[in-house]
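Analysis of the macromolecular model
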Amino acid sequence: MLSIDGMAGVGKTSLAVHVAHRVAGRYPDGRLFLDLRAHSDQPPLPPHDALGVLLAHLGVPPARVPADPDDRVARWRSELAGRRVLLVLDNAADAAQVLPLLPGSSACLVIITSRRRIAGLDGVRPVSLDVLSAVESRRLITAVVGARAAADPAATAEVARLCGHLPLALRLAAARLAHRPSWSVADLADRLRRAHPAAVDLAVDGRSPQAAFELSYRQLPPAAQRLFRLLGVHPAGELSMRVVAALADLPAGDTDALLAQLVDAHLLNEPVAGRFRLHDLLREYATHLAGTDPEHDPATRRMLDYYLQATAAATRVWESNRDRDPVDFTDVGPHVPTFTDMIDTRRWLDLELANVVAAAHLADRLGWHRHTVLLPRALWGYLFRNSMNDVSLDLHRRALAAAEALHDADLIAMTHNYLASAHARGGDLTSAAAHLARLVAHPTWGSGPGRTSPTCTSTSAGSTRPCTCWNGPSSATAATAGTSASSGAPSPGCSAPSAASTSRRSSRNASSATAAPPA
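Residues numbered from 1 in each chain as written. Predicted model: local features only at pLDDT ≥ 70, side-chain atom pairs only at ≥ 80, totals over all residues. Heavy atoms only, no water.

Quick word on the overall build of the chain
The helix and strand inventory of the chain stands at 22 helices and ten strands. Looking at the chain as a whole, 54% of its 519 residues qualify as buried. Considering only intrachain contacts with a sequence separation of at least 6, the fraction spanning at least 24 residues in the chain is 69%. For the chain, the exposed surface amounts to about 21,800 Å²; the carbon and sulfur share of it is 53%. (Helix = DSSP H or I, 4+ residues; strand = E, 2+ residues; numbered from the N terminus. Buried < 20%, exposed > 50% of the residue type's maximum accessible area, 1.4 Å probe, protein only. Contact = heavy atoms within 4.5 Å. Areas by Shrake-Rupley, 256 points an atom, 1.4 Å probe, with all protein chains shown as cover.)

Quick notes on the pairing of strand β1 (residues 2-5)
On β1, burial covers both faces: L2 and I4 on one face and S3 and D5 on the other are all buried. For β1 and strand β5 (residues 125-128), the ladder comprises four bridges, and the chain directions are parallel. Residue pairing in the sheet places L2 in a bridge with R125 of β5. (Pairing = 2+ DSSP bridges.)

Things to note about unusual backbone geometry
One non-glycine residue with positive phi stands out, namely D249, at about 55°. Checked against the element boundaries, D249 lands in the loop between α12 (241-248) and α13 (252-264). Among the residues examined, D249 registers a relative accessible area of 56% and is labelled exposed. Positive phi values are uncommon outside glycine, yet H407 reaches one of about 55°. You can see H407 is positioned in the loop between α18 (389-406) and α19 (409-425).

Re the sheet that holds strand β2 (residues 31-35)
With parallel pairing, the five strands of this open sheet are ordered in space as β2-β3-β4-β1-β5. Looking at which strands have only one partner, the edges of the open sheet turn out to be β2 and β5. In this sheet, adjacent strand axes meet at a mean angle of 15° when their direction is disregarded. The pairing of β1 with strand β4 (residues 109-114) spans four bridges and is parallel. (Axes fitted to C-alpha atoms, helices over the stretch in contact; angles between N-to-C directions.)

Observations concerning the side chain of H396
Structurally, H396 can be placed in helix α18. The exposure class assigned to H396 is buried, which follows from its relative accessible area of 2%. In this view, H396 contacts P376, R377, W380, T415, Y418 and L419; residues no more than four positions away in its chain are not counted.

Observations concerning the packing of helix α7 (residues 153-162) against helix α9 (residues 185-194)
What describes two packed helices is the angle between their axes and the distance between those same axes. Their axes nearest at 8 Å, the elements α7 and α9 cross at an angle of 30°. Put simply, α7 runs roughly parallel to α9. Of the two elements, α7 crosses α9, and the hand of that crossing is left-handed. Residue-level inspection shows A155, T156, E158, V159 and L162 of α7 in contact with α9, the latter providing V185, A186, L188, A189, L192 and R193. Of the residues belonging to the contact of α7 with α9, the class tally is eight nonpolar, one polar and two charged. (Parallel < 35°, antiparallel > 145°, perpendicular 65-115°, else oblique. Left-handed = near helix turned anticlockwise from the far one by under 90°. Nonpolar A, V, L, I, M, F, W, Y, C, P; charged D, E, K, R; others polar.)

A closer look at the pattern of salt bridges
If the charged atoms of two oppositely charged side chains come close together, the side chains can form a pair. With the rule as written, the count across this model stands at 16 salt bridges. Taking the shortest distance from any N to any O, the salt bridge between E79 and R83 comes out at 3.4 Å. A salt bridge links D394 to R398; its shortest N-O distance comes to 3.3 Å. In this pair, D394 and R398 are both assigned in helix α18, four residues apart and thus about one turn of the helix distant. Residue D394 is classed as partly exposed on the basis of its relative accessible area, which comes to 28%. (Salt bridge = Lys/Arg side-chain N within 4 Å of Asp/Glu carboxyl O.)

A look at helix α3 (residues 69-80)
Compared with the 16 Å implied by 1.5 Å per residue over twelve residues, the 17 Å span of α3 between its first and last C-alpha is a close match. Within α3, burial applies to R72, V73, R75, W76, E79 and L80. One side of α3 holds all its buried residues, which, seen down the axis, span an arc of 160°. A side-chain oxygen of the first residue of α3 lies 3.1 Å from the backbone nitrogen of D70; this N-cap is D68. (Expected span 1.5 Å × (residues − 1). Arc of directions from axis to C-beta. Polar contact = N/O pair within 3.5 Å; in protein donor to acceptor, adjacent residues only side chain to side chain.)

Rendered as structure tokens:
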């Protein structure tokens, strides 16, 4: 077991990946990489959830992943018994987060990276990375820039000093110089001295690598600068071209060209074709820039609308009894994908689940209540059929608080329905009954099968139509009749559509309903 620690941007992940590639042939039964998110915009990944992800990577169906924490650890170690697997646990918080993820077999290799020294793990070989030495920094710059750096060692040393000898900052500055053949190394050093450091203070020995970021940023054309700033509103680690186009309100072709500029400038990574990721330090810098941009709130709203509309479109095939949809599909954004079959939708939902959950968390933090309610509703079918009760309960608890903040009885009833469903799916019928008791009291949702709710409004045509609920047993009826979770209760009942459209004050589609920050 190898544990690599050091400050952000010092090259921990790069070293871990390099070592993993060098020894991959010795571990033929699997190579797994997991970001534990100790230092990111998202909360650290709990060991319980991390084990669920790792078991899924090993091919264990979600329904066979134990809910009990100890049983889940035992299943993980049982799956690894007799296998030679290479496991990289990136961005770990501490030993408590890592310990349950360790294999029981010595035939496996585990590489851990963290900004902190991981203590308390037996059999770990610790490697602490520091910034580069002055000689190593000059060598790195010279390797990228070539003869100009070799010809002016004093200016090269000054660039290294101004970058704090941090590998990430050194590479960004050197890449900028490599793409500016008319610049001397002294020109680069002069520009670094005059750059204004970002307010986000991530320094090495009192020197900020943000000067290198700002230099790269200032060299971008205005349209690329705008896109880089707006990337700072995205809450998760990886994003698609479609969501970038949506949040920036740009055509797909223009977005693709601007993303290529950011990748070429080393301000954005493209680990997989069409998927993009900001490094931790660059994300903080972009977030700092976005915070002062007047487009911050509109871009955030467009991003949340995209995830809501795309998720609702994807999960339509998961809910065959929908009579209404949580989004008016006559008025969706141009970048929302079109789904043709279950394979297509599952691929999108598997890939984007973390982003949709992060978007719901962001809406909750911002107090954008309708997105907080409707995102879990749109995702429900996928969560239910994949037995992701932990995620469903978390999202719908947030949704209930948001619905109550809106004082919207229809949204409150809808959310109680889905909380009851998640509890029953997990076998907690007592909690399910408590939520259903609140649902039964609702004047329209508790009136039995075949009931008709208030009219819905189509935002595109301005017309109204009856909103007839699913003609089947309501959740309340199913639960009180003693139907078990294994037989499908509580069923979606009247909540198959979004309750956002069941009253005149919430009858507009998700985009327009959330057009302003918190209600």
